[in-house]
Amino acid sequence: MITFLSGGTGTPKLLRGVQRIMDRHEISVVVNTAEDIWISGNHISPDLDTVMYLFSGILNTDTWWGIRNDTFTTHDDAQRLGIDEFIAIGDRDRAVHIARGEMLRNGMRLTNVTKVLCDRFGVRENVLPMTDTEIITQVRTDLGLIHFQEYWVRAKGALDIYDVVRTFVDPPAATEEVLAAIEASDAVVIGPSNPITSILPILECEGLRTGLNNKCLIAISPFIGDAPVSGPAAALMRARGFEPSSKGTFSCYHGLVDIFIQDIRDPVDIGGSVRFDTLMTDEKKSVALAQEVLRLAGLC
Ligand code: GDP
């Protein structure tokens, strides 16, 4: 068994390769939920949705969110009725958010809700939210503290950010399912996800770091030089006091990583790191990187 820590783009690209070459029952994924948000009364968990749709074969891999060939009739009509739905939600995607919202309102744990949804989508991998506690990532901007999605989706990232703040009522704790998956794993892989908004929220869950003790941990950098392959990671890293680079990424995971993977093009030098082509521009490249990662995991 291998456990992956995942956000909603970089690590899912790696998982696209992993699922082609590994027994699906041997794959566990601990998914970030700190970008979750309630919209129009329903519960969006962007990273859980992406991982679930990927494993069920319906993910829109042009965008890495939403369901392939989805329609947006409800979203368009809601906008016309004056509902401020700043995230474009597809009709089929919305059905998932409605179902998740209903189950949560009825008192189910997010872990169990995810299991129900994954079963209905025929997902055989073990997909686990990092915690059952609601947690929100906000960024401090000139407009004040706003939800990360307001910054990234509504404002298209065109705001200066000065801090990244996590808010919650109860401190998030890693679930027993997450700790059991890690315990049963030969290796844990931090995919090339955004360190600040995707991976640190997982590592910050109570009990998680202790659970990783004595586990072989492989991490893949989402940076090449001073820029991430995509997305707002650089601004977020700066706001949290980390250099936006593989070096900053390595510092984020300080003391945890046994094997650090950088891209072959990355000019930043980190002693002892392993180099591969990490740009997963198509499925073949995802499979090639997955093969290297699983080979390293086998050496752990
Ligand atoms: P989010 O939840 O949508 O932000 O997605 P993640 O946190 O999982 O992934 C975002 C990160 O993926 C960004 O920082 C990108 O630099 C990184 N990324 C995306 N595609 C690739 C790729 O093909 N290779 C590498 N190395 N990183 C990638």
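Just above, that's the structure.
As the structure is a prediction and not an experimental result, all values here were calculated from the model.

A. Expanded view of the site of the ligand. Close to the ligand lie 21 residues, the nearest being T9, S193, N194, S198 and T278. Between an oxygen atom of the ligand and a main-chain N or O atom of G8, the distance comes to 2.9 Å. Take T278: an N or O atom from its main chain is 2.7 Å from a nitrogen atom of the ligand. If the ligand stood free it would expose 590 Å²; the protein chains cover 92% of that surface. Looking at the shell around the ligand, its residues break down into seven nonpolar, 11 polar and three charged.

B. Region of interest: the sheet that holds strand β5 (residues 126–129). The sheet built from seven strands is open, its strands ordered β5-β2-β1-β9-β10-β13-β14 with parallel pairing. Strands with a single pairing partner mark the edges of an open sheet, and in this sheet they are β5 and β14 (274–276). Each neighbouring strand pair of the sheet contributes to a mean axis angle of 20 degrees, computed without reference to strand direction. Summarising the sheet, strand β13 (residues 259–263) and β14 pair through three bridges and their orientation is parallel. Among the inter-strand pairings, I261 is bridged to a residue of β14, identified as V274. Together, β1 (2–6), β2 (27–31) and β5 form the strand contacts of helix α2 (residues 46–56), whose direction differs from that of β2 by roughly 160 degrees. Its contacts with the sheet place helix α12 (residues 283–299) against β1, β9 (187–190), β10 (216–220), β13 and β14, and it is angled at close to 155 degrees to β14.

C. Looking closely at helix α7 (residues 176–183). When α7 is considered as a whole, its buried residues turn out to be V178, A181 and I182. What you see down the axis of α7 is that its buried residues fit within an arc of 100 degrees, all on one side. Away from its buried face by more than 90 degrees, α7 exposes E176 and E183. Close packing links the buried residues of α7 with β1, β2, β5, β9 and α9 (208–212).

D. Summary view of the sheet that holds strand β7 (residues 144–147). Ordered in space as β7-β6-β8, the three strands form an open sheet in which the pairing is antiparallel. In the strand order of this sheet, the two ends are held by β7 and β8 (163–168), each with one partner. On average, adjacent strands in this sheet sit at an angle of 35 degrees to one another, irrespective of strand direction. Pairing of strand β6 (residues 135–141) with β8, which is carried by six bridges, proceeds in the antiparallel orientation. Bridge pairing in β8 places V139 opposite V164. Contacting β6 and β8, helix α8 (residues 195–203) runs over the sheet at an angle of about 40 degrees to β8.

About the criteria used
- Residues numbered from 1 in each chain as written.
- Predicted model: local features only at pLDDT ≥ 70, side-chain atom pairs only at ≥ 80, totals over all residues.
- Heavy atoms only, no water.
- Near = heavy atom within 4 Å.
- Polar contact = N/O pair within 3.5 Å; in protein donor to acceptor, adjacent residues only side chain to side chain.
- Areas by Shrake-Rupley, 256 points an atom, 1.4 Å probe, with all protein chains shown as cover.
- Nonpolar A, V, L, I, M, F, W, Y, C, P; charged D, E, K, R; others polar.
- Pairing = 2+ DSSP bridges.
- Helix = DSSP H or I, 4+ residues; strand = E, 2+ residues; numbered from the N terminus.
- Axes fitted to C-alpha atoms, helices over the stretch in contact; angles between N-to-C directions.
- Contact = heavy atoms within 4.5 Å.
- Buried < 20%, exposed > 50% of the residue type's maximum accessible area, 1.4 Å probe, protein only.
- Arc of directions from axis to C-beta.

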